[in-house]
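Residue-level listing of the chains:
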Amino acid sequence: MVVAQNTRTNNPVGKSVARNDVLEKVTGGATYTDDIQFGPGLLHCRVKRSPHPHALIKKIDYSKALKLPGVKGVATGDDFPDLIGLYLKDRCFFARGKVRFVGEAVVGVVATTEEIAEAAVDLIDVEYELLTPVLDPEFGASPEAPLIHPDLGNYDHPNFIFPVANSNISNHFKIRKGDIEAAWTQCAAIVEHTFRIPHVQHVPIEPHVAVAKCEDNGQVTLWASTQSPFAQRALLAKALHIPESDFRVIAPLIGGGFGCKAGVTMEAIPVAMAMKYKGQPIKFRLTREEEFYTNFVRQGLVIKIKVGCDKEGNLLALQNRMYWDGGAYTEYGVNVTRAGGYSSTGPYDIPNVATDSICVYTNHPVGGAYRGFGMAELHTGVDQAMDMLAAKIGLDPVEFHKKNCVQGGDVLATGMVIHDVGIKECIEKVAQALDWEIKDKPSAPNKLRGKGVALAWKAPAMPPNAGSSALVKMNSDGTVTVSVGGQEIGQGTFTAMAQIAAEALGVPYENVKVSGPIDTRYSPYEWQTVASRLTWSMGNAVRNAALDARKKVLDVVAEAWGEDAKDLDIKDGYVISYKTEESVSIKDIVVYGLPKPNDGGWIGGPIVGAGSFMPSYVTGLDAETGQGNRAVVHYTTGAQGVEIEVDKETGRIEVLRAACAFDVGKAINPDMVRQQMEGGFIQGLSSALFEGCQLVDGVMRNPSFVDYRIATAADVPAEIDTFIIEHAQDDGPFGARGIGEHPLVPSIAAVAAALYDATGLRITNPPFSAEKVYLALLEAGLVE
Amino acid sequence: MSFHRITIRINGNLEQVDVPGNLTLLQMLRDKLGLTGTKNGCASGECGACTVILNGDAVNSCMVVAAECDGAEITTIEGLASSGDLDMVQKMILEEGGVQCGFCTPGILMSARALLNRNPHPTEFDIRDAISGNLCRCTGYNRIVTAISRAAEAESAAVK
Ligand code: FES
Ligand code: FES
């Protein structure tokens, strides 16, 4: 239930208050990057892209393009020789010497209109010498594969990424825990299987768009639909050799990102063009086709799992070898590989573990961050393997999961001791909601019916010292303005931050405004809007800032009233004294201060609270064993289940109902948590049933909504039960941890398990399209 | 390039616009009239973000040639709320929590309004069908479907 507007909601944490970002979204008033008006001086950029997956650039001829009226100029790789990259610095603004994937930017054109720029692109001739492409990650990791980055050994990278020089391996993360060889001999059942998870696209409904302008004095402004304004400032300023303070990023509302607008993506191109053609803003927006084939993808994964348990079904050993199809460059891919590595057991307690998580350069699109950051791909393998093992040892999957799921105090594969987690309750809630014990009959003779459950965990994947900061400004009308650097991407973070500030300060939620758009010149620093980390990390910063402001208010009043601040409180926007029962509205204090007694002057003045947060306890992990004290800040865990029917005549899977349960520590806004669970589940379901980039010889064959289908309103089950479990996070604001990504993590595995329950078939390469399911039914003799 | 002078009634106001022959209605709304509430998600008729009501029907404005709209009546998201009051579909989508990033929202609301105008008592199937051309990547759709169904109920209760 949503709390009605025009109310004063005090102590709003834990209440489903109305969101503060949505009114203008229903009236058409919300401003996204493409909506900003730049006037007639606006120039447009288009890009000549590589048609080849792997080739040397022999010659670029843009002379005809330059003669086209309206064309301002071009830029190529030679204009910007510096390497950029979030973790591993391995790419340039434009291809230099060599192209490594179909769609790579080779030449940028600036013109007075988009149409002229596009026409100019067609007039550019690029001569290539074709090289053998690497199109499979497992082959790519072998010594026989052609080298995609011969200079890999010289690339800059942080100390937690382990590239292998003279290979295509951009990161190799290992875990060695216990004695795996000895453990196999103790196992009563072992499952060994390979799973192949395809590349998928993020598909935000708002395509990427960015506008860049460089003033004659060298100051650069970038307006972009981005999850990472501060990271873009840092990376681009460095690559362009300008001070960070001369690089300003303005980030309006985002029309969906899901990770593809994190880090530096296509923004580098208009920025490069603006550096060359100063004085006018230059806009670059991706077409929907480019959005599909040129943009960061969720990288493909080949995952080889061997897992065993004793005769009671207790897990004993897991060997997990993952080959990530990282693509031509590695903005996030190397860290997805790391996250997949340290979380490679899934949320299971397993004493003996050997993991190799390997990121491989291929001549495919570049692997980026995608909601879940490797976890959906990992769980698609691990959780299906668990379902297989449960069947093999003769245990009900729910019993098997409950028996083996992690619990507070368990030592994880990395050596970290896990905090209190409510995953067992999550499993129970899901089983209950789906009437797990009851086997329903199919609704028609041509249907098969089944249920499946899968688990999920995920930790924020980020550098150990990713930080947040916030300002809380008190206004003379009694309202409060919260400034943050994290993005409102649709998840509702501005609402959650207002709730946290209101709770900590003692004012009604409705009196707190969160200032946007994010602007690196005025907004306090935030690492990035990724990793489901804002509620927790930025929430802590906001809480600290609000507490700082609160203390300042109380100190002023205490002095003016000659009282002890300990006897004062702020309630409903009023400072009250428990001792004297006096009260005063904060609006009378927070800007103009208070008079001292006996006309003795004034105290106080405009009040601004400041706060920040950075975890201090994450340690490094040993390069050979993956062991360390604390690999991550925390895990959010949960479970998901579905009941499905399979139509034997068409192979079509219909999801009849679904249940999701996650331990969020504390739900700051329960209704928004449920929104994340529902939306995330449907995105996951969409990838289970429909989605995959069809890459043939490096070319994406389905770069449109017609050929790359995502779930529509007609595809989704009407009944989705959601459950919030709350085992408080010790260092979360009011006990909260994140939930943005997790709901899509178990979806593919849950559908796969239900498919097995219904048909007895294991299909280990999603999506489970009607055609694929039908052929499998045919092959198994279940239909003729 | 040939220009056409067209007269349209947009959100209740008469407007005269000069448009080149290849301009889409979406481009005219966003670039010529500054009505940026209508979104461009694909420019190829596949996502529904650009949905407006044209002579009573929900259409993908990216697939309509502006020059052919002479004499047409058009409602965009900016014209949905009348004299400061939110339309019932706007109210209900807010109450149901059917808005996240909001990029699909204008298009969905216009599809919903057109549906309720021609069918005041839609079934759940009718609603899902009416918005099946409007892609949303955030919400999972069910709250939107409930919102439209509640809007229909509220409107028919008000008529009674
Ligand atoms: S923008 Fe018109 S349908 Fe996508
Ligand atoms: S709310 Fe984001 S696409 Fe629908």
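Position numbers for residues start from 1 in each chain and track the written sequence from start to end. Ligands are numbered from 1 and chains lettered from A, in the order in which they are written. Side-chain atom pairs in this predicted model are given and counted only at pLDDT of 80 or more, local residue features only at pLDDT of at least 70, and totals for whole chains, interfaces and linings cover all residues. Note that water and hydrogens are dropped before the side-chain values are worked out from all heavy atoms of the structure.

*Asks:* I'd like a rundown of the overall build of chain B, residues and numbers included.
*Replies:* A helix here means a DSSP run of H or I that spans at least four residues, while a strand means a run of E at least two residues long, and both kinds are numbered starting from the N terminus. A tally of helices and strands in chain B yields five helices and five strands. Order of helices (α) and strands (β) in chain B, N terminus to C terminus: β-β-α-β-β-β-α-α-α-α. For the radius of gyration, the atom set is restricted to C-alpha positions; the globular benchmark scales as 2.2 Å times the number of residues to the power 0.38. Taken over the C-alpha trace, chain B has a radius of gyration of 16 Å; the compact-globule value for 160 residues is 15 Å, and the two agree within 12%. Across its three principal directions, the C-alpha atoms of chain B cover 50 × 35 × 25 Å. Exposure categories follow from relative accessible area, calculated using a 1.4 Å probe and restricted to protein chains: below 20% of the type maximum is buried, above 50% is exposed, and the middle band is partly exposed. For chain B, the proportion of its 160 residues judged to be buried stands at 54%. Contacts: residue pairs with any heavy atoms within 4.5 Å of one another. If you take every contact in chain B between residues at least 6 apart in sequence, the share linking residues at least 24 apart comes to 54%. Each accessible area value is a Shrake-Rupley result obtained with a 1.4 Å probe; residue values ignore everything except the protein chains displayed when judging cover. A total accessible area of about 6,500 Å² is found for chain B, and carbon and sulfur atoms account for 47% of it.

*Asks:* Describe unusual backbone geometry, naming the residues involved and giving the relevant values.
*Replies:* Residues and elements named next belong to chain A. That bond from Gly516 to Pro517 is cis: its omega, 0°, falls within 30 degrees of zero. With respect to the helices and strands, Pro517 occurs in the loop between strand E19 (512-515) and strand E20 (518-519). A positive phi is found at Asn11, a non-glycine position, where the angle reads about 45°. Its place among the elements puts Asn11 in the segment before helix H1 (23-27). Owing to a relative accessible area of 44%, Asn11 belongs among the partly exposed residues under this scheme.

*Asks:* Explain the sheet that holds strand E28 (residues 653-663) of chain A to me, and be specific about the residues and the numbers.
*Replies:* Residues and elements named next belong to chain A. The strand order across the open sheet built from four strands is E16-E27-E28-E31, with neighbouring strands paired in mixed fashion. On the outer flanks of this sheet lie strand E16 (447-458) and strand E31 (719-725), each paired with one strand and no other. For this sheet, the mean inter-axis angle between neighbouring strands, taken without regard to orientation, is 10°. For strand E27 (residues 636-647) and E28, the ladder comprises ten bridges, and the chain directions are antiparallel. Within E28, the residue paired with Val646 across the bridge is Ile653. Whether two strands pair comes down to DSSP finding at least two bridges between them. Axis lines are fitted through C-alpha atoms, for helices just across the contact stretch, and the angle between N-to-C directions can take any value from 0 to 180 degrees.

*Asks:* Break down the packing of helix H10 (residues 375-393) of chain A against helix H16 (residues 747-759) of chain A for me, citing the residues and quoting the values.
*Replies:* Between two packed helices, what matters for the description is the angle formed by their axes and the separation of those axes. Residue and element names in this part refer to chain A. Running from N to C, H10 and H16 point in directions that differ by 30°, and their axes come no closer than 8 Å. Taken together, the axes of H10 and H16 are roughly parallel relative to one another. Helix-helix and strand crossings are classified by hand; for H10 and H16 the assignment is right-handed. Here His379, Thr380, Asp383, Gln384, Asp387 and Ala391 of H10 come into contact with H16, specifically with Ile748, Ala749, Ala752, Ala753 and Tyr756. Should an angle fall under 35 degrees it is called roughly parallel, over 145 degrees roughly antiparallel, and 65 to 115 degrees roughly perpendicular, with every other angle called oblique. For any pair of crossing helices, the crossing counts as left-handed if the nearer helix is rotated counterclockwise from the farther one by less than a right angle, and right-handed if it is rotated clockwise.

*Asks:* Tell me about the pairing of strand E2 (residues 55-61) of chain A, and name the residues and values.
*Replies:* Residue and element names in this part refer to chain A. With two bridges joining them, E2 and strand E4 (residues 98-99) adopt antiparallel strand pairing. Residue pairing for E4: Leu56 is matched across the bridge by Lys98. Bridge count for E2 against strand E6 (residues 125-130) is six bridges, and the pairing is antiparallel. Considered in E6, the bridge of Ala55 is made with Leu130.

*Asks:* Would you mind going over the sheet that holds strand E7 (residues 169-177) of chain A in detail, with residue names and values included?
*Replies:* All names here are of chain A. Reading across the sheet, the five strands line up as E7-E15-E14-E13-E8 and stay open at both edges, with mixed pairing between neighbours. Lying at the two open borders of the sheet, with one neighbouring strand each, are E7 and strand E8 (189-197). Sheet twist, expressed as the average angle between the axes of neighbouring strands with direction ignored, equals 5°. Against the sheet, helix H9 (residues 333-342) contacts E7, strand E14 (315-327) and strand E15 (352-361), and its axis sits at roughly 10° relative to E7. Each of E8, strand E13 (300-309) and E14 touches H10; the most contacted strand, E8, lies at about 150° to it.

*Asks:* Describe helix H7 (residues 268-276) of chain A, naming the residues involved and giving the relevant values.
*Replies:* Of all the nine residues making up H7 of chain A, eight are buried; the element is thus mostly covered by neighbouring parts of the structure. What H7 of chain A keeps buried is the set Ala268, Ile269, Pro270, Val271, Ala272, Met273, Ala274 and Met275 of chain A.

*Asks:* Give me the nonpolar core: which residues, what numbers.
*Replies:* Taken as a class, soluble globular proteins show a tendency for nonpolar side chains to be buried jointly. Residue and element names in this part refer to chain A. Among buried residues, the Ala, Val, Leu, Ile, Met, Phe, Trp, Tyr and Cys ones that are joined through side-chain atoms within 4.5 Å form a nonpolar core. Phe93, Phe247, Met474, Val553, Val575, Ile653 and Phe768 are the most contacted members of the largest nonpolar core, which totals 265 residues. For this core, the element with the highest residue contribution is helix H14 (residues 534-561), accounting for 14 residues. Those residues in contact with Phe93 that lie beyond four places of it in its chain are Phe80, Asp82, Ile84, Leu236, Ala239, Leu240, Ala268, Ile269 and Ala272.

*Asks:* Go over the packing of helix H13 (residues 493-505) of chain A against H14 of chain A with me, naming the residues and quoting the values.
*Replies:* Residue and element names in this part refer to chain A. It is the contact of H13 with H14, at a shortest axis distance of 8 Å, that shows an interaxial angle of 35°. The two elements H13 and H14 cross, and the hand of that crossing is right-handed. Contact residues: Thr493, Met497, Ile500, Ala501, Ala504 and Leu505 in H13; Leu534, Thr535, Met538, Gly539, Val542, Arg543, Ala546, Leu547, Ala549 and Arg550 in H14. Its residues placed into classes, the contact of H13 with H14 shows eleven nonpolar, three polar and two charged. Residues are grouped as follows: nonpolar covers Ala, Val, Leu, Ile, Met, Phe, Trp, Tyr, Cys and Pro; charged covers Asp, Glu, Lys and Arg; every other residue, Gly included, is treated as polar.

*Asks:* How would you summarise the pairing of strand E4 (residues 57-60) of chain B if you had to cite specific residues and measurements?
*Replies:* All names here are of chain B. Here four bridges tie strand E3 (residues 51-54) to E4, and the two strands are oriented antiparallel to one another. Opposite Val52, over in E4, you have Val59 as the bridge partner. Adjacent in sequence and paired antiparallel, E3 and E4 are bridged by two residues, among which Asn55 carries a positive phi angle near 50°.

*Asks:* Account for the confidence of the model for chain B, naming residues and giving values.
*Replies:* Confidence scores here are pLDDT values: one per residue, from the predictor, ranging 0 to 100. On average, residues of chain B carry a pLDDT of 97, and 99% of them reach 70 or more. Scored by ipTM, the complex comes to 0.98, with pTM at 0.97.

*Asks:* Outline the side chain of Asp715 of chain A, listing residues and values.
*Replies:* Residue and element names in this part refer to chain A. Along the polypeptide, Asp715 turns up in the loop between strand E30 (699-700) and E31. Think of a polar contact as two N or O atoms within 3.5 Å of one another; within protein, one of them needs to be a possible hydrogen donor and the other a possible acceptor, and neighboring residues in sequence only count if both atoms come from side chains. One polar contact links Asp715 to Arg709, side chain to side chain, over a distance of 3.1 Å. Filtering out sequence-adjacent residues up to four positions away, Asp715 remains in contact with Phe690, Arg709 and Ile710.

*Asks:* Could you give me a rundown of the domain arrangement of chain B, with the residues and numbers involved?
*Replies:* All names here are of chain B. The domain architecture assigned to chain B consists of domain 1 (3-79) and domain 2 (88-159). Segment limits for the domains were obtained from an automatic or database-derived domain assignment. Summarising the inter-unit geometry, the C-alpha centres of domain 1 and domain 2 are found 21 Å apart. Each partner contributes residues to the interface: domain 1 has 16 residues there, and domain 2 has twelve residues. Defined in terms of a 1.4 Å probe, buried area is the accessible area two parts forfeit on being brought together, summed over both. Both faces considered, domain 1 and domain 2 share a buried interface measuring about 1,100 Å² in area, 68% of it formed by carbon and sulfur atoms. Each salt bridge in this description consists of a side-chain nitrogen of Lys or Arg and a carboxyl oxygen of Asp or Glu lying within 4 Å of one another. At the boundary of domain 1 and domain 2, one finds zero salt bridges. The tally of links from domain 1 across to domain 2 stands at four residue pairs in polar contact (both at pLDDT 80 or more). Of the residues belonging to the side of domain 1 that touches domain 2, the class tally is six nonpolar, eight polar and two charged.

*Asks:* Tell me about the packing of aromatic side chains, residues and numbers included.
*Replies:* Residue and element names in this part refer to chain A. Each Phe, Tyr or Trp ring (for Trp, its six-membered ring) is paired with any other whose centre lies within 6.5 Å, and the angle between the two planes then decides the class: stacked below 30 degrees, edge-to-face above 60, tilted in between. Applying the stated rule across the entire model yields 13 aromatic pairs over all chains. Taken together, a centroid distance of 6.4 Å and an interplanar angle of 80° make the contact between Phe173 and Tyr342 edge-to-face. One end of the pair, Phe173, is in strand E7; the other, Tyr342, is in helix H9, with 169 residues separating them in the sequence. Like Tyr342, Phe173 is buried.

*Asks:* Any details on the pattern of salt bridges? Residues and values, ideally.
*Replies:* One pass over the structure, following the stated rule, counts 56 salt bridges over all chains. Residue Asp34 of chain A is joined to Arg285 of chain A by a salt bridge in which the shortest nitrogen-to-oxygen separation is 2.8 Å. Residue Asp34 of chain A is located in the loop between H1 and strand E1 (43-49), and its partner Arg285 of chain A is located in strand E12 (residues 282-285); the two are separated by 251 residues in the primary sequence. Each of the two residues, Asp34 of chain A as well as Arg285 of chain A, counts as buried. Salt bridges here are not isolated pairs; linked through shared partners, they connect Asp34, Asp35, Glu114, Lys283 and Arg285 of chain A together with Arg30 and Lys39 of chain B.

*Asks:* For helix H15 (residues 670-689) of chain A, give the residues involved together with the corresponding values.
*Replies:* An α-helix turns once every 3.6 residues. As a result, residues three or four positions apart point the same way. In a helix, the anticipated span is given by 1.5 Å times the number of residues less one. Helix length check: H15 of chain A, at 20 residues, gives a terminal C-alpha distance of 28 Å against a target of 28 Å (1.5 Å per residue), a fit within 8%. Burial within H15 of chain A is extensive, with 19 of its 20 residues counted as buried.

*Asks:* So what's going on with the environment of Thr619 of chain A? Which residues, and what values?
*Replies:* Residues and elements named next belong to chain A. One can find Thr619 in the loop between strand E26 (608-613) and E27. A C-alpha to C-alpha distance of 42 Å links Thr619 and Thr287, two positions 332 residues apart in sequence. Look past the residues within four positions of Thr619 in its chain and what remains in contact with it is Gly628, Asn629 and Arg630. Among the polar contacts listed, one links the side chain of Thr619 to the backbone nitrogen of Asn629, at a separation of 3.2 Å. Within the structure, Thr619 has its side chain in polar contact with the backbone nitrogen of Arg630 (distance 2.9 Å).

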